[in-house]
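Overview (structure and organization)
Read off the chains here:
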Amino acid sequence: MAALPQAAASLASLRTAFRDGKAALLQEFAAARSTAMAATRVTRALTRHVDGSLSALWSAAGLATSSAALVAVGGYGRGELFPHSDVDVVVLLPAALDEAVSAAVERFVTSCWDTGLEIGSSVRTLPECLAESARDVTVQTALLESRWVAGTRRLFMQFRQAHDAAMDAPQFLRAKTLEMQQRHIKHEGTPYALEPNCKESPGGLRDLQVVIWVARGAGLGRTWGELASKGLITPFEAVQLVKHEGTLKLIRARLHAVAGRREDRLVFDLQTAVAESFGYSATDLPNHGQRSSEVLMHRYYWAAKAVTQLNQILMLNIEERINGREAAPMRPLNARFLDRSGMLEEASDDLYLRQPHAILETFLVFAQTPGLQGLSARTLRALYNARNVMDAGFRRDPVNRALFMAILRQPRGLTHALRLMNQTSVLGRTLWVFRRIVGRMQHDLFHVYTVDQHILMVLRNVRRFFIPEHAHEYPFCSQLAAQWDKPWVLYVAALFHDIAKGRGGDHSELGQLEARRFCRGHGIERSDTQLIEFLVQQHLTMSRVAQKADLSDADVIHDFARLVATPEGLTALYLLTVADIRGTSPKVWNAWKGKLLEDLYRLTLRALGGAQPNLDAEIEARKQEARHNLALHSALPGTEAPLWRTLEVSYFARHDSADIAWHARSLWRHVQATAPVVSARLSSVGDGLQVLVYCPDRPDLFARICGYFDSAGFSILDAKIHTTRAGFALDTFQVVATPGMAPDTQAGYRDLISLVETQATLALASTGPLPEPRRGRVSRRVRSFPVLPRVSLAPDERAQRWLLTVSASDRSGLLYAIARVMARHQINLQLAKITTLGERVEDTFLVDGPELQKPKAQLRIETELLDAVAAPA
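Since this is a predicted model, take the numbers as computed values, not measurements.

**Describing the overall build of the chain**
Assigned secondary structure in the chain consists of 39 helices and 17 strands. With the C-alpha coordinates of the chain rotated into their principal frame, the extents come out at 100 × 70 × 55 Å. When the 873 residues of the chain are sorted by exposure, 55% land in the buried category. Long-range pairs, those at least 24 residues apart, make up 70% of the contacts in the chain with a sequence separation of at least 6.

The following block contains the structure:
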């Protein structure tokens, strides 16, 4: 680093020296190996570089002979200046400003900015600093890490002594604990966020800094070594803290350097670039198909998970030391465990080393004992330090296997117990296969949790089906679960359904093998083992059939019935499927998907009952029910006749009685109308609207309908397409409004229904050329992890129609773009299944048309569809 000019040098020289010196340091860091020491070196070097620049500017401003002091605070005061961190300083004055000092301070601050030092500055006297510190814990924390840079040392020492003397350790601990809790809530309450803030998120650097702050405020130490010497942490924990702190610092420093600005969030746009700055690449990894960004995030999540554990241990320890609660009342639970004010505590520090079986017993006792809120600091520490005890022999031990099965069979407390086991790394060390998916991100555009968090979320969802207090959430699932005598079978299936993610290959097949090994090793009966294997292997099947197949097709139902084989298998797969979809993302589940799954369940259950389908009888029963529905709506006898005379059997097979009656009520006077008829109503499944469209059929009709819904801000969830004998289109759409557009009141929905009916009628009456589709913007996540567009066009099993499958990144205007291609080639749509999985779409269309019989035309259609669904640049 070039020597800094003396104070008398020109501002231009200072600016050049600062810029060149910082650039040289960052260039050196970019070329360095990605080690924790590299991050420490660059943060300290940047701190020294800024110290020298500020000292020179302080002297150049004429403050060297004043009685003021320049004090570094916050991260700069701590001596950890990241490439684009804030430079926070306090100009400390012995008394109120006089004109000369005021002018000099103003020159100093202005020259800092002119030099390129974007400082955050405040000018205060010693009493003002203490008063502000007493009012605001954030200021108090920043001043706690103050460091002298230039000016009068005596004034700074007076300030330090006064600030330390004014510190109220219990109050400071309480304030920082509440502040940490609020910060965790703000950042999703998990270290596994998709775009974590490596400084502020749970498990980030701030969680380590909080520990040092409260310890320093209580005079317990200011480094990990000092905390170890005071008995607050063990030497092993101190090593782990240094290791994980170094990882987080390195990631933050690389992130700043790659972004070229202060950026503490590992956003999708930057994850790959940061990963590449570590030397990670997707081509030379042992795990094929794993992105470089996934390797980076896996490393981050492991560090954040460890920091979360250590933060919890240390904060509880410090709280006990400060508040003198080491003698809290304790209630014996058995010879090995105590209830210490609602926290489970081991009876002796070496319990787990002497009796390794007690490790899993910890969580069994926790689940069995009402009133326990968590694990004490002593227990958390003992578990953290006993990790090496949980080796292969521990996992093979029959007693430990029996204890784990006992935990899974508990009637209460299971979800909380397994989450604690994961947080303390016990779950991954008991089930080694689970350890491989801890902190593994899924960049598939619809999972928003790491694999381990998703699995535990699914298990929680299954568990809630068996808890009466949650029966209002999914009544049908709770009703089915109430008849199930072995809930633990479903828990094991939930635990293993995604256990093989990230290995390459079919994770369902690989997961089935892992489930088989587990069941054999844990003495599970053959029949239960077979059911668990089936559930793991087929856990995606029911969702696929419900959302992509034609449920009015008897062959579809009977093929699925043959697969599930028994009502027990069907019920188990249904419950696991609902729990799985709900556990991927809050955005993926909706009432329409729930209806499709329930319809498939009921149809399959009837098929499993052995009754042979009688289509004529079923259709006649639907007609009778529809007539009854019409009578309830005061319709005259025979109202349905004009419309029904134009309909074929397939119409009645695809629609339920309520829809059949609604169509008849809406259209009995318009059966021969040439103008479009649009009728809308609230969806019977609770989400959005059902929209009926009736008009003379034409090739571009579906495209015009999609174009209207897209421009009006609606998403199509499902489309049932039918053409009457008279050549009229009778189409029913299930649509939902985009977030923020849906009304809050019944009156609002009435207005929305009227608006849709009016606007859609006008849109369908248009005969001009179809407008160009909008190239809707895609999200940052889609830009960073795009779905490779895929189009498949294949004949159905009867070779009568074609199955068109489209997979792509979601964006506005996508369905209209697909429909426009179909209209251009006069492709007739029979059925549309629109499936949105987070930010990925997988749409299935049943189509026919003369061009589909020509191989060259097929190729042209597929090419145009690929162009249509490609994400905009």
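We are not done yet, so read on.
**Some thoughts on the side chain of Lys199**
Summarising the element assignment, Lys199 is placed in the loop between helix H8 (169-186) and helix H9 (205-217). Despite its burial, Lys199 pairs with no opposite charge, the nearest such side chain being Glu200 at 4.2 Å. Apart from residues lying up to four places away in sequence, Lys199 is in contact with Gly204, Leu205, Arg206, Arg252, Arg262 and Asp264.

**Re the pattern of salt bridges**
Inspection of every chain in the model, using the stated rule, returns 46 salt bridges. Residue Asp350 pairs with Arg354 through a salt bridge whose shortest N-O separation is 3.1 Å. Taken together, the shared-partner salt bridges in this structure form one network comprising Arg78, Glu80, Glu145, Glu245 and Lys249.

**Quick look at the pairing of strand E15 (residues 828-833)**
In terms of strand pairing, strand E11 (residues 714-720) meets E15 through three bridges, oriented antiparallel. Note on E15: the bridge partner recorded for Lys720 is Leu831. Inspection of the sheet shows E15 paired to strand E17 (residues 840-848) by five bridges, in the antiparallel sense. Bridging from a neighbouring strand, Leu831 pairs with Leu846 of E17.

**Some thoughts on the confidence of the model for the chain**
Summarising the model, the chain shows a mean pLDDT of 89, and 94% of its residues fall at 70 or more. Of the regions scoring below 50 in pLDDT, residues 1-9 engages in 15 contacts with residues more than four places distant in sequence or in other chains. Counting contacts from residues 284-288, a segment whose pLDDT is below 50, to residues more than four positions away or on other chains yields five contacts.

**Brief notes about the packing of helix H5 (residues 126-135) against helix H7 (residues 153-166)**
The contact between H5 and H7 brings their axes to 10 Å, and the two run at 30°. The pairing of H5 with H7 is recorded here as roughly parallel in orientation. In the packing of H5 onto H7, the handedness of the crossing is right-handed. Residues Leu126, Cys129, Leu130 and Ser133 of H5 touch H7, and the partners they reach there are Leu155, Gln158, Phe159, Ala162 and His163.

**What to know about helix H28 (residues 554-564)**
Among the residues of H28, Val556, Ile557, Phe560, Ala561 and Val564 are the ones counted as buried. One side of H28 carries all its buried residues, which in axial view fall inside an arc of 130°. Where the residues of H28 are buried, they touch helix H26 (526-537), helix H27 (541-548), helix H29 (567-582) and helix H30 (591-608). The N-cap of H28, judged by a side-chain oxygen 2.9 Å from the amide nitrogen of Asp555 a few residues on, is Asp553.

**Regarding the packing of helix H38 (residues 814-824) against helix H39 (residues 855-869)**
Between H38 and H39, the shortest axis-to-axis distance is 9 Å and the interhelical angle comes to 155°. Considering their axes alone, H38 and H39 lie roughly antiparallel with respect to each other. With respect to the hand of their crossing, H38 and H39 are arranged in right-handed fashion. Contact with H38, carried on its side by Leu814, Ala817, Ile818, Val821 and Arg824, involves Ile861, Glu864, Leu865, Ala868 and Val869 of H39 and no other residues of that element.

**Examining the packing of aromatic side chains**
On inspection of all chains with the given rule, the structure shows 21 aromatic pairs. Taking the centre distance of 6.0 Å and the plane angle of 80° together, the rings of Phe404 and Phe518 count as edge-to-face. Highlighted residues: Phe404 in helix H18 (residues 398-408) and Phe518 in helix H25 (residues 507-521), separated in sequence by 114 residues. On the basis of relative accessibility, which here comes to 1%, the residue Phe404 falls in the buried class.

**With respect to the sheet that holds strand E8 (residues 374-375)**
If you walk across this open sheet you meet the four strands as E5-E6-E7-E8, and the pairing is mixed. The outermost strands of the open sheet, each flanked by one partner alone, are strand E5 (330-332) and E8. Relative to strand E7 (residues 343-346), strand E6 (residues 337-340) runs antiparallel, the two sharing four bridges. Residue pairing across strands places Arg340 opposite Met343, the latter belonging to E7.

**Overview of the nonpolar core**
Among the nonpolar cores identified, the biggest contains 190 residues, and Leu54, Trp224, Phe404, Phe518 and Tyr574 are the most heavily contacted of them. No other element matches helix H13 (residues 292-323), which puts 14 residues into this core. Counting residues in hydrophobic clusters, the runner-up holds 55 residues, among them Ala680, Ile716, Ala760 and Ala817.

**Examining unusual backbone geometry**
In this model, Ser425 sits at a positive phi of 70°, which is unusual for a non-glycine residue. For Ser425, the location among the structural elements is in the loop between helix H19 (414-423) and helix H20 (426-430). Judged by relative accessible area, which is 9%, Ser425 ranks as buried. Positive phi is not limited to glycine here, since Ala565 has a value of about 75°. Turning to its location among the elements, Ala565 is positioned in the loop between H28 and H29.

**Quick look at the pairing of strand E10 (residues 689-696)**
Among the eight residues that make up E10, seven are buried, leaving the element largely enclosed by the rest of the structure. The sheet contact formed by strand E9 (residues 677-682) and E10 spans six bridges and is antiparallel. Considered in E10, the bridge of Val677 is made with Tyr694. Pairing geometry for E10 and strand E12 (residues 728-737), over eight bridges, is antiparallel. Bridge assignment links Leu689 to a residue of E12, and that residue is Val735.

**Details of the sheet that holds strand E2 (residues 87-93)**
A sheet is described by the order of its strands in space; here four strands give the open sequence E3-E2-E1-E4, paired in mixed fashion. This sheet does not close on itself; its edge strands, each paired only once, are strand E3 (119-125) and strand E4 (147-151). Neighbour-to-neighbour, the strand axes of the sheet open up by a mean angle of 25°, direction not taken into account. Where strand E1 (residues 69-72) and E4 come together, four bridges link them in antiparallel fashion. Bridged to Ala69 within E4 is Gly151. Against the sheet, helix H2 (residues 36-60) engages E1, E2, E3 and E4, with an angle of about 30° to E4. Strands in contact with H5 are E2 and E3; relative to E3, the strand with the most contacts, it is inclined by about 110°.

**Remarks on helix H4 (residues 99-115)**
The end-to-end C-alpha separation of H4 is 24 Å, in line with the 24 Å expected for 17 residues at 1.5 Å each. Listed in full, the buried residues belonging to H4 are Ala104, Val105, Phe108, Ser111, Cys112 and Thr115. The buried residues of H4 all sit within an arc of 130° when viewed along its axis, so they share a single face. Exposed residues pointing more than 90 degrees away from the buried face of H4 are listed as Glu99 and Glu106. Where H4 is buried, its residues meet helix H1 (11-31), H2, E1, E2 and E3. Positive backbone phi, approximately 105°, marks Gly116, located one or two places after H4.

**Remarks on the environment of His357**
As for its position among the elements, His357 is in helix H15 (residues 357-368). Between the C-alpha atom of His357 and that of Asp51, which follows or precedes it by 306 residues, the distance is 55 Å. In this structure, His357 is in contact with Asp397, Val399, Asn400 and Leu403, ignoring residues within four places of it in sequence.

**Considering the environment of Arg544**
Along the chain, the position of Arg544 falls in helix H27. Residue classification places Arg544 among the partly exposed residues on the basis of a relative accessible area of 46%. Each C-alpha atom of the pair Arg544 and Leu194 lies 26 Å from the other, and the pair is 350 residues apart in sequence.

Criteria and cut-off values
- Just so you know, the residues in each chain are numbered from 1, in the order the chain's sequence is written.
- Local features in this predicted model are restricted to residues whose pLDDT is 70 or higher, and side-chain atom pairs enter the listing and the counts only when it is 80 or higher, whereas totals over whole chains, interfaces and linings include all residues.
- Excluded from the side-chain calculations are hydrogens and water; all other atoms, namely the structure's heavy atoms, are used.
- Only runs of H or I of at least four residues qualify as helices and only runs of E of at least two qualify as strands under DSSP, and these elements are numbered from the N terminus.
- Accessible area is worked out with a 1.4 Å probe on protein chains only. A residue is then buried under 20% of its type maximum, exposed over 50%, and partly exposed in between.
- The contact definition used throughout considers only heavy atoms, calling two residues in contact when any of these lie within 4.5 Å.
- Here Asp and Glu are counted as negative and Lys and Arg as positive; His is not counted, and neither are the chain ends.
- Basic side-chain nitrogens of Lys or Arg form a salt bridge, by our definition, when they fall within 4 Å of a carboxyl oxygen of Asp or Glu.
- In short, DSSP must find at least two bridges between two strands for them to pair.
- Here pLDDT means the predictor's own confidence in every residue, given as a number from 0 to 100.
- Interaxial angle, 0 to 180 degrees, is taken between N-to-C directions of lines fitted to C-alpha atoms, where a helix line uses only the stretch in contact.
- With respect to orientation, any angle under 35 degrees is reported as roughly parallel, any angle over 145 as roughly antiparallel, any angle of 65 to 115 as roughly perpendicular, and every other angle as oblique.
- Each crossing gets its handedness from the near helix: less than a right angle anticlockwise from the far helix is left-handed, clockwise is right-handed.
- In this description, the arc belongs to the directions extending from the helix axis to the C-beta atoms.
- In the analysis that follows, any N or O atom pair within 3.5 Å is treated as a polar contact, provided that within protein one partner can donate a hydrogen and the other can accept it, and provided that, for residues neighboring in sequence, both atoms belong to side chains.
- Geometry of aromatic contacts follows a simple scheme: Phe, Tyr and Trp rings, the Trp one being its six-membered ring, pair when their centres are within 6.5 Å, and the pair is stacked under 30 degrees between planes, edge-to-face over 60, tilted otherwise.
- Nonpolar cores were defined as sets of buried Ala, Val, Leu, Ile, Met, Phe, Trp, Tyr and Cys residues, with membership established by side-chain atoms within 4.5 Å.
- Take the residue count of a helix, subtract one, and multiply by 1.5 Å to get its expected span.

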